[in-house]
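# Report on the structure
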Amino acid sequence: MSYLSKIALNPRRRAAVSLLSSPHRLHAAILAGLAVQPVTERVLWRLESSTSHRSEVLVLTESRPSWAHLVDDAGWPGADGGEPLIADYTPLLERIARGREFGFRLTANPVQSVPRPTRPSEQQAARLKEGADNGSRARGFRVAHRTVAQQLDWLLKRSERHGFAIPDATATPPGPGLHTPGAEEPELTPGPAVAVVSRDILRFTKHKDGPRVTLSTATYEGRLRVTDPNALRSALLGGIGPAKGYGQGLLTLAPLRTAEEAGHG
């Protein structure tokens, strides 16, 4: 069984500021919510800062967690809206069927593997030097995709293996009075129904005097169609892409409203 949790954090509390500034610390605090230690199960999470006064953490776990420590230290203990939400994930997994469409959201670390970085970091330069000194060939280096086009292409290339396709967005022709009579009819090419809605570069250290970790992240929102239910379930439970311990890779789905529901909306 799996559980999806939502925990509200108060950015005005000192403990919350510390957690929100470091994916490493926040990951450790999340693992502390599981009773069986050391944690061996897959844990996925995503930080969502809705406003400057409230941040929310989504967490997917295999066992039922307790978030009392996060609420007491960094949330709103006892306040309306301060209690964490914990939901059984099974009903959503059972709704996944071939051909069904969902809205989705994903924050990921889009990277590629290259034999030699153009601008190697201190750690990458040390690896290259070590390989040159002992005559061995260094394994590939993970390098972040920087542009929106590259980040979109990264997701589109991985969709099939993860059991979904991203259909084309709906193209809406010009409304009455907006199309010039006699003008050539424009070709509507909307492209895939997905967009990068935010991007960020995270910089933090695992330990006080340790090397700095840099992650380039992209948050995607869009619409997907299920092509392989089992592969999509695996992606939901196992995540997409690297850096999962730092809040990357959690794919979440939302049922789409039907045309009839929208008409009554």
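In what follows, the accompanying structure is described.

What counts as what
- Residues numbered from 1 in each chain as written.
- Predicted model: local features only at pLDDT ≥ 70, side-chain atom pairs only at ≥ 80, totals over all residues.
- Heavy atoms only, no water.
- Helix = DSSP H or I, 4+ residues; strand = E, 2+ residues; numbered from the N terminus.
- Buried < 20%, exposed > 50% of the residue type's maximum accessible area, 1.4 Å probe, protein only.
- Contact = heavy atoms within 4.5 Å.
- Areas by Shrake-Rupley, 256 points an atom, 1.4 Å probe, with all protein chains shown as cover.
- Arc of directions from axis to C-beta.
- 1 Å grid on protein atoms, 1.4 Å probe; cavity = no way out; pocket = protein on both sides within 12 Å on 5 of 7 lines; lining within 4 Å.
- Points joined across faces, edges and corners; volume = space filled by probe spheres on them.
- Nonpolar A, V, L, I, M, F, W, Y, C, P; charged D, E, K, R; others polar.
- Core = buried A, V, L, I, M, F, W, Y, C linked by side-chain atoms within 4.5 Å.
- Salt bridge = Lys/Arg side-chain N within 4 Å of Asp/Glu carboxyl O.
- Phe/Tyr/Trp six-rings, centres within 6.5 Å; stacked < 30°, edge-to-face > 60°.

What follows is about the overall build of the protein chain. Secondary structure summary: the protein chain contains eight helices and 11 strands in total. Counting only residues that meet the buried cut, the protein chain has 38% of its 265 residues in that class. For the protein chain, restricting intrachain contacts to residue pairs at least 6 apart in sequence, the fraction spanning at least 24 positions comes to 73%. Just so you have it, the protein chain exposes about 15,500 Å², and 50% of that area is on carbon and sulfur atoms.

Looking at helix H7 (residues 229-238), one finds that the buried residues are Pro229, Ala231, Leu232, Ala235 and Leu236. In a view along the axis of H7, the buried residues occupy a sector of 165 degrees, so they form one face of it. Looking one or two residues beyond H7, the residue adopting positive phi is Gly239, at roughly 85 degrees.

The residue Pro23 is located in helix H2 (residues 23-31) in this model. We classify Pro23 as buried; its relative accessible area is 10%. Note: C-alpha distance between Pro23 and Tyr246 (223 residues apart in sequence) is 5.1 Å.

What follows concerns the layout of surface pockets. Its boundaries defined by the atoms lining it, the second largest pocket holds a volume of some 420 Å³. In terms of lining, the second largest pocket is formed by 24 residues, of which the most central are Leu47, Thr107, Asp200, Leu202 and Thr217. Among the residues making up the lining of the second largest pocket, the classes are represented as nine nonpolar, nine polar and six charged.

Bringing the nonpolar core into the picture now. Membership of the largest hydrophobic core comes to 29 residues, with the highest contact counts inside it found for Phe104, Leu155, Tyr220, Leu232 and Leu253. Elements with a contribution of two residues or more to this core: strand E3 (54-61), helix H4 (90-95), strand E5 (101-108), helix H6 (148-158), strand E9 (194-205), strand E10 (212-226), H7 and strand E11 (251-255). The contact partners of Leu155, leaving out residues within four places of it in the chain, are Phe104, Leu106, Phe164, Ile166, Val194 and Tyr220. Counting residues in each nonpolar core, the second largest holds 16 residues, with Ile7, Leu19, Leu34 and Trp67 among its members.

For side chains of opposite charge, pairing can occur when their charged atoms come near one another. All chains considered together, the criterion is met by seven salt bridges. Between Arg54 and Glu56 there is a salt bridge whose closest N-O contact spans 3.1 Å. A relative accessible area of 15% places Glu56 in the buried class. For Glu221, the salt bridge is made with Arg105, and the minimal N-O distance between the two is 2.1 Å. A residue pair is termed long-range when its members are at least 10 positions apart, and Glu221 in strand E10 and Arg105 in strand E5 qualify at 116 residues. Glu221 gets classed as partly exposed once you look at its relative accessible area, which sits at 34%. A single network of salt bridges, built from pairs that share partners, joins Arg46, Glu48, Arg105 and Glu221.

Among all positions in H2, only Pro23, Leu26, His27, Ala29 and Ile30 are buried. Projection of H2 onto a plane perpendicular to its axis shows the buried side chains occupying an angular sector of 160 degrees, all on one side.

For the rest of this paragraph, the subject is the packing of aromatic side chains. Under the counting rule described, the total for this entry stands at two aromatic pairs. Both rings, one in Phe104 and one in Phe164, keep their centres 6.4 Å apart while their planes meet at 45 degrees; by these two values the pair is tilted. Here Phe104 is found in strand E5, whereas its partner Phe164 is found in strand E8 (residues 164-165), with 60 residues between them in sequence. For Phe164, a relative accessible area of 2% corresponds to the buried category. For the ring pair Phe204 and Tyr246, a centre distance of 4.9 Å and an interplane angle of 70 degrees mean the geometry is edge-to-face. Of this pair, Phe204 sits in strand E9 while Tyr246 sits in the loop between H7 and E11, and the two are 42 residues apart along the sequence. In terms of burial, Phe204 and Tyr246 fall into one category: buried.

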